[in-house]
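# Structural description and commentary
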Amino acid sequence: MALPAPSWSRTPPALYRVSRWFRRLALIVIVILTIFLATVGYSAYEFVSASPQSGGYSASFASNSTVAVTGDLSVANHGWYPLSGFDLSLRIRNASGDLIGTVTTGPETLAAGATTTVPIALYLPISPNSSAASLLVTDQYLAVGVWGNATYAYLFPISVHFEQNKSWGAPFANLAFQVGAPSEANGSTVVPVTVSFSDHAPFAEDGRLGLTLRASNDTPCGSVSYGLDVPSQGFFYQTENVVLSRGCSLAGGSADAVVVLGSATIPLPPETLP
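First, a word on what this report is: a plain description of the structure on this page. For clarity, every value in this text was computed on a predicted model and none was experimentally measured. (Residues numbered from 1 in each chain as written. Predicted model: local features only at pLDDT ≥ 70, side-chain atom pairs only at ≥ 80, totals over all residues. Heavy atoms only, no water.)

## Some details on the overall build of the protein chain
Stated formally: Helix and strand labels come from DSSP, where a helix needs a run of H or I of at least four residues and a strand needs a run of E of at least two; each type is numbered from the N terminus. Each residue is placed in one exposure class: buried if its accessible area under a 1.4 Å probe, protein chains only, is under 20% of its type's maximum, exposed if it is over 50%, and partly exposed if it falls in between. Between two residues, a contact is recorded if the distance between any of their heavy atoms is within 4.5 Å. Every accessible area reported is derived by Shrake-Rupley at a probe size of 1.4 Å, with residue values counting cover from the shown protein chains alone.
Each helix and strand in the protein chain was counted, giving two helices and 16 strands. Considering the protein chain as a whole, with its 274 residues, one finds that 38% of them fall into the buried category. Taking contacts inside the protein chain between residues at least 6 apart in sequence as the whole, the part at least 24 apart equals 63%. In the structure as shown, the protein chain presents an accessible area of about 15200 Å², 57% of it carried by carbon and sulfur atoms.

In structure tokens, the structure reads:
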């Protein structure tokens, strides 16, 4: 009777076993990394889709001949990972496309699933010939552009951008100076000057308006002051007499006005006289 042949079991070499475990570990890492990148991509898309939303803006006069535009932006992180180093830049252009102001805020850190409100304060310097001067006398739509840059999920740069059009009501909308016919009074030349405008801003105007009439060579010919007590959405119409300097002609000259409201002194755009 023949005996069965012996069975030999060969143990794989140690190096082969180690490489096999490395292959399995690499597969696990690839799966985990794929899942991580997929969730980061989805979360980033959710964040970009929920771009910062404006909470509205309000305007008021501030010191140093500026208009203060204040408001806030609501930023929501609906994703699964935190947002760090989030900087926001806001730029405002007037109806003509001229840049009238920019402000940057941040950096902010936003946890996963959290929402934060970022305050915005933009101070626009006003001078008679500046781009921002149109805010004083012209109702218009302002283009508000918001740019944001941040690091998402600790590693990945991300950016958002959106634009909004905001309706702007001018505090001295349709400002006009009407100079009447001159007359003689007590040996002096006097002209009636009517100032009119509408307050389309969300605030009242309580102060005074100083007006200077100038000749074509910029020589002051006369000045007068108007008291202001105009409610929001109100209309101002007032006539005052201006005594002209002897020999001063207003032909081709200008009417220059400065408004004083509390601590704010705001020069209005000059108007050329016929």
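## Section: the nonpolar core
This is how the line gets drawn: To define a nonpolar core, start from buried Ala, Val, Leu, Ile, Met, Phe, Trp, Tyr and Cys residues and group those joined through side-chain atoms within 4.5 Å.
One finds Phe61, Leu90, Leu136, Val195, Leu209, Leu211 and Leu213 to be the most contacted residues of the largest nonpolar core, which totals 64 residues. The contacts of Leu211, once residues within four sequence positions are left out, are Phe177, Val193, Val195, Gly222, Ser223, Val224, Tyr226, Ala255, Asp256 and Ala257.

## A look at the packing of aromatic side chains
Note the cut-off: The aromatic pairing rule takes the rings of Phe, Tyr and Trp, using the six-membered ring of Trp, and pairs them if the centres are within 6.5 Å, calling planes under 30 degrees apart stacked, those over 60 edge-to-face and the rest tilted.
Counted under the stated rule, the structure contains three aromatic pairs. Seen in terms of ring centroids, Phe197 and Phe236 are 5.1 Å apart; in terms of plane orientation they differ by 25°. Their pairing is stacked. Of this pair, Phe197 sits in strand β10 (residues 188–198) while Phe236 sits in strand β13 (residues 235–244); the two residues are 39 residues apart in sequence, bridging distant segments of the chain. Accessibility expressed as a relative area gives 0% for Phe197, which makes it buried.

## Details of the state of the cysteines
The condition that has to hold: Our working definition of a disulfide is a cysteine sulfur pair at a distance within 2.5 Å.
Counted by the stated rule, this structure contains one disulfide. Two residues, Cys221 and Cys248, share a disulfide whose sulfurs are 1.8 Å apart. In this structure, the disulfide formed by Cys221 and Cys248 twists by about -60° around the S-S bond and is classed as left-handed. Here Cys221 is found in strand β12 (residues 220–230), whereas its partner Cys248 is found in the loop between β13 and β14 (254–261), with 27 residues between them in sequence. With respect to burial, Cys221 and Cys248 carry one shared label: buried.

## Side note on the pairing of β10
This is how it is decided: Each pair of strands is called paired provided DSSP finds at least two bridges between the two strands.
Within β10, eight of the eleven residues are buried, leaving the element largely enclosed by the surrounding structure. The pairing of strand β8 (residues 173–179) with β10 spans five bridges and is antiparallel. Pairing of Val179 across the sheet is with Val193, part of β10. Where strand β9 (residues 183–185) meets β10, three bridges bridge the pair, whose relative direction is antiparallel. Looking at the pairing, Glu184 lines up with Thr189 of β10. Linking two consecutive strands that pair antiparallel, namely β9 and β10, is a turn of two residues; a positive phi of about 55° is found at Asn186 within it. When β10 meets β13, the two strands line up antiparallel, connected through ten bridges.

## Some details on the pattern of salt bridges
Two side chains with opposite charge may pair up if their charged atoms get near one another. The test is simple: Salt bridge, as used here, is a side-chain nitrogen of Lys or Arg placed within 4 Å of a carboxyl oxygen of Asp or Glu.
With the rule as written, the count across this model stands at two salt bridges. The residue Arg214 makes a salt bridge to Asp256 at a minimum N-O spacing of 2.9 Å. With Arg214 in strand β11 (residues 205–214) and Asp256 in strand β14, the pair connects residues that are 42 residues apart, well separated along the chain. Taken together, the shared-partner salt bridges in this structure form one network comprising Arg214, Asp218 and Asp256.

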